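For reference, the chains in residue letters:
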Amino acid sequence: MDARPFGDYQHPGMQSFLKVAVPGYYGPSSRTVERNLSKLYVKKQQELKAELAKVPDISIAADLWRSARNRCFLCITSHYISPTTHQSCGKILSFRHFHGCHFGSRIRSHMLRVLKQFDLVGKITATTTDNGSDIKNATRLSRVFDVRFHCLAHGLDLVVHKALGLWPKKQAKEAESSSAHQLDQDE
Amino acid sequence: MLLSAQLWEDEPESDDDNDDDEQLESIDNVSVNINGDDSGNDDNSHGNDEDEEDESTFVPDDNTSESDSDTSDTGPVNPTYALNIGELMKKGRTVITTIRKSGILHDAVRNIAYDSSINVDLILDMRIRWNSSYNMLNRLFVFQSVLEELYVQIDSLSGVTKRQREKLMSAYLSNSDWALLQSLQFVLERFSDATELISGKSYPTISIVYAVKLSLHHFLNDLTDDINVSIIKQMLLAEFDRYMTLPVNSKETDIISAAALLDPSTHDILQLDDKKAAEKFLILEV
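Residues numbered from 1 in each chain as written. Chains lettered and ligands numbered in written order. Predicted model: local features only at pLDDT ≥ 70, side-chain atom pairs only at ≥ 80, totals over all residues.

## A short note on the overall build of chain A
And step 1. Of regular secondary structure, chain A possesses seven helices and five strands.
And step 2. Along chain A, from the amino end to the carboxyl end, the secondary structure elements read α-α-β-β-β-α-β-α-α-β-α-α.
And step 3. In chain A, buried positions account for 27% of the 187 residues. (Helix = DSSP H or I, 4+ residues; strand = E, 2+ residues; numbered from the N terminus. Buried ≥ 20, exposed ≤ 12 C-beta atoms within 10 Å, placed from the backbone.)

Set out below in structure tokens:
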């Protein structure tokens, strides 16, 4: 949760603290932490799967972005009304580093894999994504993803950026293509 | 644009057809589409940068050609103004980075700020973070008097290099700059509020989408404010119409209207046309 390294317990400061606080206790090694975490992950995943099995209709949202270190992440969340408490819930289905190129087909196969993993195929009633052409293409399969919604917040951000030119054009190429587009419009 | 319009017209239009969605590609990507269309492979949607949301319109719908001519016709937008805002933001960023990078300048600013009991720091905006530009402006306004004081003191500060001083001087925000920033802040505040409203996790947001779109549209069309605000609004309006106009009979529009109809808080603001469409849609669904 705090992005602490697995080997935190074995660090000298922590060890000298434990010596005083809990004499005789050394804390788990990094290997143990890692092992426990992966067990916990599988367990939680099973729990979520069991919970989602009770829900008849689920909507999902997906977003793809690039971090400052140029790593791509794809996050898929599920939104549903809990059958027990009748509150709307949002749970993350998958959050992972996306390797390779962002073809619509690649994103789609990943999303389908995740949906199959949770047994959600056929239960999806709506899909919300941003306006990226790749992810639009990935979710256009209405048999699985049903109605596609555009994320309004992304849209508003886009409106402000585009209209006011808050940021300089990134690359000369981009500027060129947009000016070409401008010309097209003028015609 | 002519080409793409024809392309869309030539294709048979039907809402449920999957192939139809292939046509719902971005306007900007049209040149790519034309080449890759016959093969019909999925890969033509390949985007290669983080801003690819930028490359596609909200929904390039059937009447793309119309909406496009709208865009080019909208109002007497002065293109040099767009330039000014971009440059102005750049100036602001230059001031902030120069101060944040230099320990001496930062300490000086902190000292002045401390006297006027400001306990926050200047922040920079980020390209893909929503509302970050608005947040940066807000902070800049908190520091307005501090920055003015800094410009008075800058010659007496020891250890500030010539380059830093020149950089700060080149990015000096004049009174008219501040006035324009003020107008910008005023307009962006609405967008910031809207984004926060629809970012809720514990309540359904789809009916709010309707309310937000409607009220922002009203806000942007209300040109009774001072000249700067009006010009900014006009600049925004063209893009707003382009990105926010959904195809009239799409399921997405119908569902949003229906949600707005059923939500008590948005029920009363529903426009007559949308209300009819929503009722028709609901009856059909049931």
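## Looking at the overall build of chain B
And step 1. Of the regular secondary structure elements, chain B holds 15 helices and zero strands.
And step 2. Among the 286 residues that make up chain B, the fraction classed as buried is 31%.
And step 3. The contacts in chain B between residues at least 6 apart in sequence include a share of 69% that link residues at least 24 apart. (Contact = placed C-beta atoms within 7 Å.)

## What to know about unusual backbone geometry
Residues and elements named next belong to chain A.
And step 1. Despite not being glycine, N70 has its phi angle at roughly 65°, a positive value.
And step 2. Despite not being glycine, D146 has its phi angle at roughly 55°, a positive value.
And step 3. Within the secondary structure, D146 is located in the loop between α5 (142-145) and β5 (147-150).
And step 4. Accessibility expressed as a C-beta count within 10 Å gives 19 for D146, which makes it partly exposed.

## A short note on the sheet that holds strand β1 (residues 58-66) of chain A
Residue and element names in this part refer to chain A.
And step 1. With respect to topology, five strands assemble into an open sheet ordered β3-β2-β1-β4-β5, the strand pairing being mixed. Of all strands in the sheet, those with a lone pairing partner are β3 (88-97) and β5, marking the two edges. Neighbour-to-neighbour, the strand axes of this sheet turn through a mean angle of 20°, independent of strand direction.
And step 2. Of the pairings in the sheet, the one linking β1 to strand β4 (residues 124-129) comprises four bridges and is parallel in character. Paired with S59 across the strands is A126, a residue of β4. (Pairing = 2+ DSSP bridges. Axes fitted to C-alpha atoms, helices over the stretch in contact; angles between N-to-C directions.)

## So, the nonpolar core
In globular proteins that are soluble, nonpolar side chains generally tend to be buried together.
And step 1. Counting residues in each nonpolar core, the largest one holds 59 residues, and the members touching the most others are V159 and V160 of chain A together with L184, L236 and F240 of chain B.
And step 2. With nine residues, helix α12 (residues 227-244) of chain B is the largest single contributor of residues to this core.
And step 3. Filtering out sequence-adjacent residues up to four positions away, L184 of chain B remains in contact with I85, L137 and I232 of chain B.
And step 4. With 15 residues, the next largest nonpolar core counts I60, I76, M111 and I124 of chain A among its residues. (Core = buried A, V, L, I, M, F, W, Y, C linked by C-beta atoms within 7 Å.)

## What about helix α8 (residues 144-153) of chain B?
And step 1. Turning to α8 of chain B, its buried residues are V146, L147 and L150 of chain B. Down the axis of α8 of chain B, the sector holding all buried residues measures 95°, keeping them to one side. (Arc of directions from axis to C-beta.)

## A closer look at the environment of I60 of chain A
And step 1. Checked against the element boundaries, I60 of chain A lands in strand β1.
And step 2. Those residues in contact with I60 of chain A that lie beyond four places of it in its chain are I76, T77, S78, I124 and T127 of chain A.

## Some words on the packing of helix α6 (residues 103-115) of chain B against α8 of chain B
All names here are of chain B.
And step 1. Remark: α6 packs on α8, axes separated minimally by 10 Å, with the N-to-C direction vectors making an angle of 125°. When the axis of α6 is compared with that of α8, the two are oblique. Crossing handedness for the pair α6 and α8: right-handed. Seen from α6, the contacting residues are A108, V109, I112 and A113; seen from α8, they are V146, E149, L150 and Q153.
And step 2. Its residues placed into classes, the contact of α6 with α8 shows six nonpolar, one polar and one charged. (Parallel < 35°, antiparallel > 145°, perpendicular 65-115°, else oblique. Left-handed = near helix turned anticlockwise from the far one by under 90°. Nonpolar A, V, L, I, M, F, W, Y, C, P; charged D, E, K, R; others polar.)

## A word on the packing of helix α11 (residues 206-221) of chain B against helix α13 (residues 251-262) of chain B
All names here are of chain B.
And step 1. Put simply, α11 and α13 touch, their axes get as near as 7 Å, and they point 95° apart. Put simply, α11 runs roughly perpendicular to α13. For the pair α11 and α13, the contacting residues are I206, S207, V209, Y210 and A211 in the first and I256, S257, A259 and A260 in the second.
And step 2. For the contact of α11 with α13, the class distribution of residues is seven nonpolar, two polar and no charged.

## Focus on the environment of R143 of chain A
Residues and elements named next belong to chain A.
And step 1. Here R143 is to be found in helix α5.
And step 2. Accessibility expressed as a C-beta count within 10 Å gives 9 for R143, which makes it exposed.
And step 3. When the C-alpha atoms of R143 and I124 are compared, they prove to be 9.2 Å apart, with 19 residues separating the residues in sequence.

## Considering helix α7 (residues 132-142) of chain B
And step 1. Of the positions making up α7 of chain B, those classed as buried are S133, Y134, M136, L137 and L140 of chain B. Burial along α7 of chain B is one-sided: seen end-on, the buried residues are contained in an arc of 160°.

## So, the pairing of strand β2 (residues 72-81) of chain A
As a general feature of sheets, a regular strand has side chains that alternate between the two faces.
Residue and element names in this part refer to chain A.
And step 1. Relative to β2, β1 runs antiparallel, the two sharing eight bridges. Of the residues in β2, the one forming a bridge with A62 is I76.
And step 2. Between the end of β1 and the start of β2, which pair antiparallel, lie five residues, with N70 showing a positive phi angle near 65°.
And step 3. Note: β2 against β3, nine bridges, orientation antiparallel.

## Quick look at the confidence of the model for chain A
Caution applies to low-pLDDT parts of the model: their predicted coordinates are not meant to be read in detail.
And step 1. Model confidence for chain A is summarised by a mean pLDDT of 81, while 89% of its residues fall at 70 or above.
And step 2. Note that pLDDT drops below 50 for residues 171-187 of chain A; the model gives that stretch 10 contacts with residues more than four away or on any other chain. (pLDDT = per-residue confidence, 0-100.)

## Here we look at the confidence of the model for chain B
All names here are of chain B.
And step 1. For chain B, per-residue confidence averages 73 on the pLDDT scale, and residues scoring 70 or more make up 71% of the total.
And step 2. pLDDT under 50 marks residues 1-77. Its contacts with residues more than four places away, or in other chains, come to 117 contacts.
And step 3. The ipTM for the predicted assembly is 0.71, set against a pTM of 0.69.

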